[in-house]
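Residue strings, one per chain:
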Amino acid sequence: MYLSQLFLNNFRNYSEEYLQFNPNLNLIIGDNAQGKTNLLEAIYLLGTGNSHRTNVNSELVNWEENGFYLKGELIKETQNYKLEIKMQGRSKEIRVNNNKLEKNSDLLGYLNIIIFSPEDLELVKGSPSRRRKFLNLELSQIQPYYKHTLKEYDQVVKQRNQLLKKIRDANAPQEMLEVWDQQLVDLGTKVIVKRLEALEKLKVLARLMQRKLTNGAESLKLQYDSKLNIDGDSSKEEIKTEFSSYIQRKRKKEIERGVTTVGPHRDDISLVVNDVDVRKYGSQGQQRTTALALKLSELEFMKSEIGEYPVLLLDDVFSELDNKRSNYLLETIKNKIQTFITNTNLKRLKELRQNHNIYRIKKGSVTEVN
Ligand SMILES: Nc1ncnc2c1ncn2[C@@H]1O[C@H](COP(=O)(O)OP(=O)(O)OP(=O)(O)O)[C@@H](O)[C@H]1O
């Protein structure tokens, strides 16, 4: 799949721009703070309905204006799509082929996106929430139903926590927990099952990527990391039974603390390189290699799930990766994945020798360079 055109109106520091893109490589060059990331953000928004760097929609609107409008033309193997996002005041309207979507999340699954930015190098050493987000975003794009289940689950955790606090303060009877326990276990198990299925596939891909990136020196093991005693071989019923019995055993503690202490909202992915937990003890180089291996596995995983490669956004990553890792990344995407690369200069990128377009960005204005 690829994005063939993009129209931006009053988005961030752009007033009006119409761009046509290369199906392979698009190089976005400019000094700092000119609007390179803003352009990637617009593409990301057309894919996911949300920004990758803010939850506050009003920040996306040009400071001088009251709303923005984005339009993209998406080319897929079987069909083309017109994607539109219009924000006016506080309301956001999303259309696909002129049809207004009921929920913003219904946009997921048309333009699949993977973004890789310097912050992603934190994927390995950062908090478990980063790795959960990695899995959640990936699964939401390929199975929009996953996002729906996750949202319901998060809601149940919130309400169950409120009830636990009430019980602790003697403002509610303990029996009221039963109905919430049931929902927690049902929805939580659905989320865990999907994550385990994805990890079984990602595991194989990531091991291969890490080997290739290190000439066979490093072997990466991925595992679902949960307080529950489960693994990739556990059946749905086994997970449910284990989840239920865990919360029964922790009843007293959960009431004392007023929080739900177990479930997908607390889980993590363990990352072990040559028998060492790379999250805690990996060198910076190992952590970067692992982050890159995870991202590249994500590309292949999406391809295997949806039949097409997603669009890849590489925001300023070459300043953070050494030559070897950069070259491997570029080789992997060569001529098969539509990629947008931002950088402050063209030096390194000129060596790419593949079909590309170059755009120079200055103060929110774009010039295509031939
Ligand atoms: N809502 C907005 N309206 C107008 N201008 C904005 C808005 N939001 C951000 N900007 C401007 O956009 C510019 C930042 O753009 P962006 O983050 O895309 O930078 P960049 O070119 O990627 O730079 P770097 O290389 O430093 O990452 C800043 O000048 C900022 O003031």
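Residues numbered from 1 in each chain as written. Predicted model: local features only at pLDDT ≥ 70, side-chain atom pairs only at ≥ 80, totals over all residues.

Peer 1: For this particular structure, what's the right way to read the overall build of the chain?
Peer 2: Per the secondary structure count, the chain includes 10 helices and 15 strands. Considered along the principal axes of its C-alpha atoms, the chain spans approximately 70 × 55 × 40 Å. Taken over 370 residues, the chain has a buried fraction of 37%. Across the chain, every contact between residues at least 6 apart in sequence was considered, and the portion connecting residues at least 24 apart equals 70%. (Helix = DSSP H or I, 4+ residues; strand = E, 2+ residues; numbered from the N terminus. Buried ≥ 20, exposed ≤ 12 C-beta atoms within 10 Å, placed from the backbone. Contact = placed C-beta atoms within 7 Å.)

Peer 1: I would appreciate a short explanation of the sheet that holds strand 13 (residues 339–343) in the present structure.
Peer 2: Across a sheet, strands are paired by hydrogen bonds formed along the backbone, either parallel or antiparallel in direction. An order of 8-12-13-3-14-15 is seen for the 6 strands of this open sheet, with the pairing classed as mixed. Edge strands, defined here as strands with exactly one partner in the open sheet, are strand 8 (113–116) and strand 15 (365–369). Within this sheet the neighbouring strands show an average axis-to-axis angle of 20 degrees, counted without direction. (Pairing = 2+ DSSP bridges. Axes fitted to C-alpha atoms, helices over the stretch in contact; angles between N-to-C directions.)

Peer 1: What's the story with the nonpolar core in this structure? I'm lost.
Peer 2: Considering soluble globular proteins, one finds that nonpolar side chains tend to be buried as a cluster. Residues Ala42, Ile43, Leu111 and Leu313 are the most contacted members of the largest nonpolar core, which totals 86 residues. Taken domain by domain, this core gets at least three of its residues from each of domain 1 (1–112 + 308–370) and domain 2 (125–307). Residues in contact with Leu313, not counting those within four places in the same chain, are Leu40, Ile43, Tyr44, Ile113, Ile115 and Phe340. (Core = buried A, V, L, I, M, F, W, Y, C linked by C-beta atoms within 7 Å. Domains from an automatic or database assignment.)

Peer 1: So what exactly am I meant to see when it comes to the site of the ligand here?
Peer 2: Neighbouring the ligand are 17 residues; Asn13, Asn32, Lys36, Thr37 and Asn38 lie closest to it. The dominant element in the shell around the ligand, judged by the number of residues it contributes, is helix 1 (residues 36–48), at 3 residues. Each residue belonging to the shell around the ligand can be placed in one class, and the counts come to 3 nonpolar, 10 polar and 4 charged. (Near = placed C-beta within 6 Å. Nonpolar A, V, L, I, M, F, W, Y, C, P; charged D, E, K, R; others polar.)

Peer 1: How do you make sense of the packing of helix 3 (residues 128–142) against helix 5 (residues 177–213) when you look at a structure like this?
Peer 2: Each packed pair of helices is defined by two parameters, the angle between the axes and the distance between the axes. Direction vectors running N to C along helix 3 and helix 5 enclose 95 degrees, while the axes themselves pass 11 Å from each other. Taken together, helix 3 and helix 5 sit at an angle that is classed as roughly perpendicular. On the side of helix 3, the interface is formed by Leu135, Glu138 and Leu139, while helix 5 contributes Lys194, Arg195 and Ala198. Residues of the contact of helix 3 with helix 5, tallied by class, amount to 3 nonpolar, no polar and 3 charged. (Parallel < 35°, antiparallel > 145°, perpendicular 65-115°, else oblique.)

Peer 1: What's the story with the domain arrangement of the chain in this structure? I'm lost.
Peer 2: Under the domain assignment used here, the chain contains domain 1 (1–112 + 308–370) and domain 2 (125–307). In this structure, domain 1 and domain 2 have C-alpha centres spaced 29 Å apart. Per-element tally for the side of domain 1 that touches domain 2: the top contributor is helix 10 (residues 323–333), with 4 residues.

Peer 1: What am I meant to see in the UniProt feature "binding site: ATP" (unreviewed entry) in the chain here?
Peer 2: Mapped onto this numbering, the UniProt entry gives "binding site: ATP" (unreviewed entry) at Gly30, Asp31, Asn32, Ala33, Gln34, Gly35, Lys36 and Thr37. Relative to the assigned elements, Gly30 resides in the loop between strand 3 (25–29) and helix 1. Those residues in contact with Gly30 that lie beyond four places of it in its chain are Gly35, Lys36, Arg360, Ile361 and Lys362. By the element assignment, Thr37 lies in helix 1. Thr37 has contacts with Asp315 and Thr342, leaving out every residue within four places of it along the chain. (UniProt positions renumbered as here; feature names shortened; annotations may be inferred.)

Peer 1: Which parts of the structure should I look at to understand unusual backbone geometry?
Peer 2: For Asn98, which is not glycine, the phi torsion reads 70 degrees and is therefore positive. Position of Asn98 relative to the elements: it lies in the loop between strand 6 (91–96) and strand 7 (99–100).

Peer 1: Hey, could you run me through helix 1 in this one?
Peer 2: Residues three or four positions apart in an α-helix share a direction because the helix packs 3.6 residues into each turn. Compared with the 18 Å implied by 1.5 Å per residue over 13 residues, the 19 Å span of helix 1 between its first and last C-alpha is a close match. Most of helix 1 sits inside the fold, with 13 of its 13 residues counted as buried. Gly49 sits one or two residues past helix 1 and shows a positive phi near 85 degrees. (Expected span 1.5 Å × (residues − 1).)

Peer 1: I tried to follow the sheet that holds strand 5 (residues 80–88) on my own but got confused; where do I start?
Peer 2: Across the sheet, 6 strands lie side by side as 2-1-4-5-6-7; this open sheet has antiparallel pairing. With partners counted over all chains shown, the strands left at the sheet margins are strand 2 (16–20) and strand 7, one partner each. Relative to strand 2, strand 1 (residues 2–9) is paired through 5 bridges, and the arrangement is antiparallel. Bridge pairing in strand 2 places Phe7 opposite Tyr18.

Peer 1: Where do I start with helix 10 in this structure?
Peer 2: Along helix 10, the residues classified as buried are Arg325, Leu329, Leu330 and Ile333. Buried residues along helix 10 cover an arc of 130 degrees about the axis, so they all sit on one side. Of the exposed residues in helix 10, those oriented more than 90 degrees away from the buried face are Asn323, Lys324 and Glu331. Those residues of helix 10 that are buried lie in contact with helix 5, helix 9 (284–306), strand 12 (311–315) and strand 13. (Arc of directions from axis to C-beta.)

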